[in-house]
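Chain and residue survey
Here is what each chain is made of, one letter per residue.
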Amino acid sequence: MTAPEITLATPTNRDAVVGTLVAAFVKDPILRHLFPDDATYPRYAAAFFGHLFDKRVHRSSIWTIAGGASVAIWEPPAAGHESPDADLAPDYPADVLARVRGYEEALHTVLPAHPFWYLGVLGTHPDSAGRGWGRAVMRAGLERAAADGLPAILETSKPGNVDLYRRAGWDVVALLPEPVPTWIMQQPPR
């Protein structure tokens, strides 16, 4: 059986992409640091992923499979690595907004100064896990980075993901110890 076609997301994919990411990241250490309350996690995570989707969808840098069952949200280098801004403020109480902004500020201290493609989010809906779709949508962004002659950067807070990404050609280049241990990984330009 062949994998469904990889496509660039359009605004019509928003609900499916956000739903996939909320489900995929329910146990992610970073997301649970940002949104620790089980009762509010779905709403706050949906606002977070929706915000990322809205900022990237018109940059042709969100790849999906099966209408959003697996998704990679990449940030192009021309955009720079953007912090959450006032757009998030209405969606969160002050303590949550402070954690989101605090994490983003800490992350900026370890990201490289040179241009790079940034894999901000990679997730597959649990119902579609194990099919290799995450690797496929990740590869689409890596091909774009390679075409630009630029490295790719990602971060992960799951120790098990470090080995998964290493097998896919990524190297650890930094460790952010707080607020959640987070590995910064890079794939050099190909």
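Attention here is on the structure that accompanies the text. Just so we're clear, the structure is a prediction, and the values are computed from it rather than from any experiment. (Residues numbered from 1 in each chain as written. Predicted model: local features only at pLDDT ≥ 70, side-chain atom pairs only at ≥ 80, totals over all residues. Heavy atoms only, no water.)

1. A closer look at the nonpolar core
Counting 38 residues, the largest nonpolar core has Leu 21, Leu 31, Phe 35, Phe 48, Phe 49 and Tyr 92 as its most contacted members. At the level of secondary structure, the elements contributing two or more residues to this core comprise helix 1 (14–24), helix 2 (29–34), helix 3 (41–56), strand 3 (70–75), helix 4 (94–108), strand 4 (117–124) and strand 6 (171–176). For this core, the element with the most residues is helix 3, which contributes eight residues. Apart from the residues lying within four places of it in its own chain, the contact partners of Tyr 92 are Phe 35, Tyr 44, Ala 47, Phe 48, Leu 97 and Val 100. Trp 117, Leu 119, Met 138 and Tyr 165 belong to the second largest nonpolar core, which has 23 residues in total. (Core = buried A, V, L, I, M, F, W, Y, C linked by side-chain atoms within 4.5 Å. Buried < 20%, exposed > 50% of the residue type's maximum accessible area, 1.4 Å probe, protein only. Helix = DSSP H or I, 4+ residues; strand = E, 2+ residues; numbered from the N terminus. Contact = heavy atoms within 4.5 Å.)

2. Observations concerning the pairing of strand 2 (residues 62–65)
Every second residue of strand 2 is oriented toward a common face, with Ile 62 and Thr 64 on one face and Trp 63 and Ile 65 on the other, all of them buried. Of the pairings in the sheet, the one linking strand 1 (residues 6–8) to strand 2 comprises three bridges and is antiparallel in character. Bridging across to strand 2, Leu 8 finds its partner in Trp 63. Pairing between strand 2 and strand 3: four bridges, direction antiparallel. From the neighbouring strand, Ile 62 faces strand 3, where its bridge partner is Ile 73. (Pairing = 2+ DSSP bridges.)

3. Focus on empty space enclosed by the protein
What the rule picks out here adds up to one cavity of 30 Å³ or more. In this model, the largest cavity occupies a volume close to 30 Å³. As for the largest cavity, its lining consists of Leu 142, Ala 145, Ala 146, Leu 150, Ala 152, Gln 187, Pro 188, Pro 189 and Arg 190. (1 Å grid on protein atoms, 1.4 Å probe; cavity = no way out; pocket = protein on both sides within 12 Å on 5 of 7 lines; lining within 4 Å. Points joined across faces, edges and corners; volume = space filled by probe spheres on them.)

4. Some details on a positive patch on the surface
On the surface, Arg 135, Arg 139, Arg 167 and Arg 190 cluster together into a positively charged patch. Take Arg 135: it is sitting in helix 5 (residues 133–148). Overall, Arg 135 belongs to the partly exposed group, its relative accessible area being 39%. (Patch = residues over 30% accessible without salt bridge, like charges linked within 9 Å, V, L, I, M, F, W, Y side chains within 5 Å. Areas by Shrake-Rupley, 256 points an atom, 1.4 Å probe, with all protein chains shown as cover. Salt bridge = Lys/Arg side-chain N within 4 Å of Asp/Glu carboxyl O. Lys, Arg positive; Asp, Glu negative; His and termini not counted. Charge placed at Lys NZ, Arg CZ, Asp CG, Glu CD.)

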